[in-house]
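# Secondary and tertiary structure notes
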Amino acid sequence: MAEIKVEEILMEYRDEVMLIRIHRPDRKNALTQSMYTALTAALAAATADAKVRVVVLTGSGDSFTSGNDIADFLAAPPTGEESPVFQFLAALRQFEKPLIAAVTGMAVGIGVTLLLHCDLVYARAGARMQLPFVNLGLCPEAGSSLLLPRLIGYPRAVELLLLGEPFSAEQALDWGLINAISADADATLEQALATAQRLARQPAAAVHLTKWLLKRGEAEAVQKTIALEGRYFTERLHAPEAVAALQAFAGRRRSSE
Ligand code: COA
């Protein structure tokens, strides 16, 4: 079993279920490069361990994740496919076992787009979600420009991606973006874990085959879209309008003091 050393990504085992917890609550679980690397390693460990049948991904505190760490975007932006964020997206896209998200609080940016690669998504009532890529001078990633309109329809995808409008778990449920809502964070995680245990009892090879069959129709298009979006996203991070928006967020605290 690979040991995951980054303390912001915690792994626990509940029988045949691996629980991966994003744990950086003072930064709303914003994801740094080392956290992406640890998430990729956690998925690899889940793949390598035959005892692990299902993975549940969750957050800590009041958040699922506020997306990419903005200071990291400025200090060490991704440069290409080998960058930790793109390695993580590749691992997510190729993950063969069932992956369940327990969205125990707010989800922003990649915190929402990664849900498009999960097989089941449970969220806390009232959890806020947002895809503020364009607001930040960036563009969609993780295949969301393809997957989101397919899932929720083009008009809504435009509101979420071009206007960057925040939305609620209730709206996400209504649109078919998530599976169910629970009253609070604990109940959300419980529901995700209970479903994971049920899935873990299903015949493993049939589960893998069925997941592959469900995904294969759009697998190539998703792979190409992630690569294309990734190229533009990497470029956009250096565009003056993006740098200004990211610096405005990063300097927020200093200027409000
Ligand atoms: N990157 C870096 N730091 C982040 C962060 C991120 N993505 N999200 C939150 N933080 C930090 C805040 O700067 C703040 O730090 P401080 O205590 O030093 O001021 C701390 O986490 C708490 O966040 P705060 O903004 O005070 O919490 P909130 O509940 O008012 O708002 C969010 C939460 C997620 C709505 C807000 O923090 C936000 O918009 N974050 C940026 C999200 C984003 O744009 N992500 C990238 C998408 S591509």
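Below you will find a few notes about this structure. (Residues numbered from 1 in each chain as written. Predicted model: local features only at pLDDT ≥ 70, side-chain atom pairs only at ≥ 80, totals over all residues. Heavy atoms only, no water.)

## With respect to the packing of helix α1 (residues 33–48) against helix α3 (residues 84–94)
Two elements in contact, α1 and α3, have axes separated by 8 Å at closest approach and are oriented at 25°. Regarding the angle of α1 to α3, the classification is roughly parallel. Between α1 and α3 lies a crossing of left-handed hand. Side by side, α1 and α3 meet where Q33, Y36, T37, L39, T40 and L43 of the first sit next to P84, V85, Q87, F88, A91 and L92 of the second. When its residues are assigned to classes, the contact of α1 with α3 shows eight nonpolar, four polar and no charged. (Axes fitted to C-alpha atoms, helices over the stretch in contact; angles between N-to-C directions. Helix = DSSP H or I, 4+ residues; strand = E, 2+ residues; numbered from the N terminus. Parallel < 35°, antiparallel > 145°, perpendicular 65-115°, else oblique. Left-handed = near helix turned anticlockwise from the far one by under 90°. Contact = heavy atoms within 4.5 Å. Nonpolar A, V, L, I, M, F, W, Y, C, P; charged D, E, K, R; others polar.)

## Some words on the side chain of H117
For H117, the location among the structural elements is in the loop between α4 (110–113) and β7 (120–124). Taking the relative accessible area as the measure of exposure, H117 reaches 5% and is therefore buried. Apart from residues no more than four positions distant in its own chain, H117 is found in contact with L92, R93, L99, A142, L147, K215, V222 and I226. (Buried < 20%, exposed > 50% of the residue type's maximum accessible area, 1.4 Å probe, protein only.)

## Quick notes on the site of the ligand
Near the ligand, the surroundings consist of 16 residues, among which S66, N68, I70, M106 and R252 are the closest. Within the backbone of S66, a nitrogen or oxygen atom sits 2.9 Å from a nitrogen atom of the ligand. Taking 860 Å² as the accessible area of the ligand by itself, protein coverage stands at 72%. When residues of the shell around the ligand are traced back to their parent elements, those giving at least two are β6 (106–108) and α11 (252–256). Residues of the shell around the ligand, tallied by class, amount to eight nonpolar, two polar and six charged. (Near = heavy atom within 4 Å. Polar contact = N/O pair within 3.5 Å; in protein donor to acceptor, adjacent residues only side chain to side chain. Areas by Shrake-Rupley, 256 points an atom, 1.4 Å probe, with all protein chains shown as cover.)

## What to know about the packing of helix α5 (residues 144–152) against helix α9 (residues 204–236)
Their axes nearest at 8 Å, the elements α5 and α9 cross at an angle of 130°. For the element pair α5 / α9, the angle class is oblique. Along the contact surface, α5 presents S144, S145, L146, L147 and R150, while α9 presents E218, A221, V222, T225 and E229. Its residues assigned to classes, the contact of α5 with α9 comprises four nonpolar, three polar and three charged.

## Examining the nonpolar core
Membership of the largest hydrophobic core comes to 66 residues, with the highest contact counts inside it found for I20, F88, V103, M129 and L148. With eight residues, α1 is the largest single contributor of residues to this core. Once residues lying within four places of it in the same chain are set aside, the contact partners of M129 are V103, A107, V112, A123, E165, P166, F167, A169 and A172. Membership of the second largest hydrophobic core comes to 14 residues, among which are L19, A180, L189 and A192. (Core = buried A, V, L, I, M, F, W, Y, C linked by side-chain atoms within 4.5 Å.)

## Remarks on the pairing of strand β2 (residues 17–22)
With six of six residues buried, β2 is to be regarded as a mostly interior element. Residues V17, L19 and R21 line one face of β2 and the alternating positions M18, I20 and I22 line the opposite face, and both faces are buried. Strand direction decides the pairing type here: strand β1 (residues 9–14) and β2, joined by six bridges, are antiparallel. Within β2, the residue paired with Y13 across the bridge is M18. Hairpin connection, β1 to β2: the antiparallel pair is bridged by two residues, and D15 has positive phi, about 55°. As paired strands, β2 and strand β3 (residues 54–58) are joined by five bridges and run parallel to one another. For M18, the partnering residue across the bridge sits in β3 and is V55. Following the chain from β2 across α1 to the adjacent parallel β3, one finds a crossover that is right-handed. (Pairing = 2+ DSSP bridges. Right-handed = clockwise from strand over helix to strand, strands pointing away.)

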